[in-house]
Amino acid sequence: MVGSAETVFALRSVGKTFGQGPGAVAALSGVSLDIRRGEILGVIGQSGAGKSTLVRCLNYLERPSSGSIEFEGTPLESLDAAGLRALRRRMGMIFQGFNLLKTATVLENVALPLRLLGFPPGEVEARSREYLGVVGLSDKLDAYPSQLSGGQKQRVAIARAIAHGPEVLLCDEATSALDPENTEAILRLIAAINERYGITVVLVTHEMRVVQAVCDRVAVLDGGELAELGAVVDVYADPRHPATRRLLAGILPREMTASLIDRLGVHGSVYSLTFRGQAAGRPALAETIKSFAVSANILAANIIELKREPFGLLVIAFSGAKAEVGRALAHLRELGVAVREWGNEHERD
Amino acid sequence: MSGISVFLREWAPYIAQAVGETFVMVGVSLAFSVAIALPLGALLVVTGPGRPRASRLVHGALNLLINLVRSLPFIILLFFMLPVTKAIAGTTIGVRGVIVPLVAYSAPYIARLIESSLLEVDRGVIEAYEAMGVRGRDLVVQVLIREARPSLLRSLTIATIGLVGATAMAGLVGAGGLGDLAYRFGFVRYENAVMYVTVALLIALVQLIQTIGNGLARRLSKGG
């Protein structure tokens with residue numbers, strides 16, 4: 001689904017301010033971005049960055065204070081109440097707190113909205129069973145939410161959110177209340193639904209692990225503004241905004257590496273090597289060191305599995321004749337490794 | 001043994017009639033009260049701040065009205081409302097004459113209980129249904145009220161027991177009932193046995209209502 005560039009949502013300078021006067025809080029300001037059909041877009045930021053507000057603006061649970069949002073060419077602010085309901089029926093949403101009816105069974109939780117949306121009774125039953133099958137809960141139809149684990153509750157919520165056949169699935173911190181195991185399972189399920197039905201997914205999270213597991217692109221929010229937007233692998237390889245670097249700190253410990261470089265006094269000979277896709281699977285560094293008269297001191301290394309490709313980062317202090325180091329670096333670039341001088345990375349791009 | 005049968009022969013018809021009157025007063029006024037209080041309570045909730053149909057005017061007016069009526073003790077309401085009762089029910093005496101003040105007394109109270117039951121429903125649940133494009137009326141009836149059913153039943157149980165208490169004063173306008181029986185015969189005429197039997201019956205009635213209410217609420221809240 002990646003690659004088709006058809007725009008589902010077009011956001012232009014979207015701002016949202018809560019309250020008025022001196023106590024007003026700007027949750028979002030000047031956010032412009034396009035969301036493409038069929039992609040999984042991650043929206044990440046620290047708490048208070050405005051990411052939940054952003055996703056809630058997409059179905060007008062929050063109305064933006066400024067700017068505009070278009071859904072497939074229709075400006076949301078032009079819709080009356082009935083138009084807005086019709087639009088919302090083309091979307092599904094899941095939440096951190098699952099938001100299921102406690103007094104209804106699993107089956108009823110999925111069937112009730114379908115009934116209220118006007119599906120004929122036979123189809124209500126058929127769809128409820130079908131989508132509860134999709135999320136793997138066919139054996140829990142008569143259970144109540146209190147009898148389910150968090151992961152199972154979120155599965156019910158997912159079945160409820162997609163049973164009416166929406167084009168978009170909005171996920172507001174959908175895995176934040178789950179343990180790592182359930183988080184992973186729910187993310188796999190969301191990715192599978194995205195693949196199978198071509199549903200565009202907007203996934204709000206504060207965890208970079210979530211983004212790297214399933215997202216095609218990522219939007220980083222910082223203080224209500226869009227700090228960075230791009231393919232996940234690009235943002236990982238070259239985080240430009242301090243907010244992005246903070247979020248990536250746990251995965252790629254740049255600060256720690258910087259203090260190590262200071263201590264070793266190896267300024268000037270340190271390079272970061274990022275391996276993407278194919279290059280991550282080859283022993284490029286080992287080959288290079290064998291072929292040239294250089295030695296490499298690995299200061300930091302990490303390899304992670306992104307949605308579609310492995311991604312590796314090495315921070316290396318090279319020693320050897322300057323010309324020989326240069327040739328070694330050129331060789332690495334030929335092998336598909338992105339090489340940047342440490343601390344000087346952004347001037348090179 | 002013979003004492004009991006003598007007592008029963010003398011008093012059973014009165015007691016049976018009083019029980020019947022109490023049931024009618026409680027049942028009829030409860031039905032009217034709920035019919036009025038349910039929309040009122042729902043309106044209070046949906047017009048509250050930050051709610052789907054937030055309206056300071058409607059919310060404030062309802063609040064004021066409910067508080068005004070609730071300020072009056074039942075015994076005052078009973079006499080204060082005489083002209084209104086006459087206009088609505090056509091009479092101010094008997095069971096018929098006491099229904100109007102009983103409803104006026106309990107409807108605002110039940111509206112408050114319903115409001116608090118509905119407020120217990122997780123707002124996220126309402127939001128989830130809003131996000132799916134469910135219309136406002138369905139949100140209130142099919143989601144909000146539906147999900148609050150166990151709590152609503154518990155609230156109504158409390159209200160029903162309150163009504164049983166209020167009907168004790170209905171004797172003042174000749175509506176009879178168990179409370180009236182206890183007062184007129186048990187207290188005024190020193191028939192201690194009547195007093196004890198009536199009190200026992202009232203206790204049993206309240207127990208019965210509470211048991212039924214709890215049972216229904218439990219059945220509806222199987223999951224939660």
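Note that the structure is a prediction, hence the values are computed from the model and not measured. (Residues numbered from 1 in each chain as written. Chains lettered and ligands numbered in written order. Predicted model: local features only at pLDDT ≥ 70, side-chain atom pairs only at ≥ 80, totals over all residues. Heavy atoms only, no water.)

J.: What am I meant to see in the domain arrangement of chain A here?
T.: Where interface size is given, it is often the accessible area lost as the parts come together that is meant. All names here are of chain A. Per the domain assignment, the segments of chain A are domain 1 (7–248) and domain 2 (258–348). On a C-alpha basis, the centres of domain 1 and domain 2 stand 38 Å from each other. Taken together, the contact between domain 1 and domain 2 spans 17 residues of the former and twelve residues of the latter. Linking domain 1 with domain 2 are two salt bridges, by the criterion used here. Between Asp-234 and Arg-276 there is a salt bridge, with its nearest N and O atoms 2.9 Å apart. Taken together, the connections running from domain 1 to domain 2 amount to five residue pairs in polar contact (both at pLDDT 80 or more). Of all elements in the fold, only α6 (180–197), α7 (208–214) and α8 (232–237) reach the threshold of two or more residues within the side of domain 1 that touches domain 2. Among the elements that make up the side of domain 1 that touches domain 2, the one with the highest residue count is α8 (five residues). Partitioning the side of domain 1 that touches domain 2 into residue classes produces nine nonpolar, two polar and six charged. (Domains from an automatic or database assignment. Contact = heavy atoms within 4.5 Å. Salt bridge = Lys/Arg side-chain N within 4 Å of Asp/Glu carboxyl O. Polar contact = N/O pair within 3.5 Å; in protein donor to acceptor, adjacent residues only side chain to side chain. Helix = DSSP H or I, 4+ residues; strand = E, 2+ residues; numbered from the N terminus. Nonpolar A, V, L, I, M, F, W, Y, C, P; charged D, E, K, R; others polar.)

J.: Hey, could you run me through a nonpolar patch on the surface in this one?
T.: Residues and elements named next belong to chain B. On the surface, Ile-75, Ile-76, Phe-79, Phe-80, Leu-82 and Leu-172 cluster together to form a nonpolar patch covering roughly 550 Å² of accessible area. Take the nonpolar patch: its biggest share by element is four residues, from helix α3 (residues 74–80). Tracing the chain through its elements places Leu-172 in the loop between α7 (136–167) and α8 (178–188). Residue class for Leu-172 comes out partly exposed when judged on its relative accessible area of 48%. (Patch = residues over 30% accessible without salt bridge, like charges linked within 9 Å, V, L, I, M, F, W, Y side chains within 5 Å. Areas by Shrake-Rupley, 256 points an atom, 1.4 Å probe, with all protein chains shown as cover. Buried < 20%, exposed > 50% of the residue type's maximum accessible area, 1.4 Å probe, protein only.)

J.: Even after reading the chapter, I still don't get the pairing of strand β1 (residues 7–18) of chain A, so can you show me in this structure?
T.: Side-chain positions along a regular strand alternate between the two faces of the sheet. Residues and elements named next belong to chain A. Note that β1 and strand β2 (residues 25–36) share eight bridges and pair antiparallel. Looking across to β2, one finds that Ala-10 is bridged to Asp-34. In this antiparallel pair of consecutive strands, β1 and β2, the connection spans six residues, and Gly-19 shows a positive phi of 80°. Across five bridges, β1 lies against strand β4 (residues 66–71) in antiparallel orientation. If you follow Phe-9 over to β4, its bridge partner there is Phe-71. (Pairing = 2+ DSSP bridges.)

J.: How should I be thinking about the sheet that holds β1(A) in this particular structure?
T.: Hydrogen bonds between backbone atoms are what pair the strands of a sheet, whose relative direction is either parallel or antiparallel. Residues and elements named next belong to chain A. Here four strands make up an open sheet; going across it, the order is β2-β1-β4-β5 and the pairing antiparallel. Two strands lie at the open edges of the sheet, namely β2 and β5 (74–75), each paired on one side alone. Sheet topology note: the β4/β5 ladder contains two bridges and is antiparallel. Of the residues in β5, the one forming a bridge with Phe-71 is Thr-74. The strands touched by helix α1 (residues 51–58) within the sheet are β1, β2 and β4, with β2 carrying the most contacts at an inclination of about 60°. (Axes fitted to C-alpha atoms, helices over the stretch in contact; angles between N-to-C directions.)

J.: Is there a simple way to explain the pairing of strand β11 (residues 270–276) of chain A in this structure?
T.: Residue and element names in this part refer to chain A. In terms of burial, β11 is largely enclosed, as six of its seven residues are buried. Sheet topology note: the β11/strand β14 (residues 337–341) ladder contains five bridges and is antiparallel. Residue pairing in the sheet places Leu-273 in a bridge with Val-339 of β14.

J.: Honestly, the packing of aromatic side chains in this entry has me stumped. Any pointers?
T.: Per the stated rule, a full pass over the model turns up ten aromatic pairs over all chains. Ring geometry for Tyr236(A) versus Phe311(A): centroids 5.9 Å apart, planes at 85°, classification edge-to-face. Within this pair, whereas Tyr236(A) is found in helix α8, its partner Phe311(A) is found in strand β13 (residues 310–320), the two being separated by 75 residues in sequence. Judged by relative accessible area, which is 0%, Tyr236(A) ranks as buried. By relative accessible area, Phe311(A) is classed as buried at 0%. With centroids separated by 6.5 Å and ring planes inclined at 35°, the aromatic side chains of Phe7(B) and Trp11(B) adopt a geometry described as tilted. Pair noted here: Phe7(B) and Trp11(B) are both in helix α1 (residues 2–46), with a separation of four residues, about one helical turn. The same class applies to Phe7(B) as to Trp11(B), namely buried. (Phe/Tyr/Trp six-rings, centres within 6.5 Å; stacked < 30°, edge-to-face > 60°.)

J.: What exactly am I supposed to notice about the interface of chain A and chain B here?
T.: Each side of the interface is counted separately: chain A has 25 residues, and chain B has 23 residues. A buried area of about 2,200 Å², summed over both sides, lies between chain A and chain B, and 55% of it is on carbon and sulfur atoms. At the surface where chain A touches chain B, the tally comes to two salt bridges. The residue Glu108(A) makes a salt bridge to Arg146(B) at a minimum N-O spacing of 3.6 Å. Between chain A and chain B we count seven residue pairs in polar contact (both at pLDDT 80 or more) in total. When residues in the side of chain A that touches chain B are grouped by element, the largest group, six residues, is from helix α3 (residues 106–116) of chain A. Within the side of chain A that touches chain B, the residues separate by chemical class into twelve nonpolar, five polar and eight charged. (Buried area = accessible area lost by both parts, 1.4 Å probe.)

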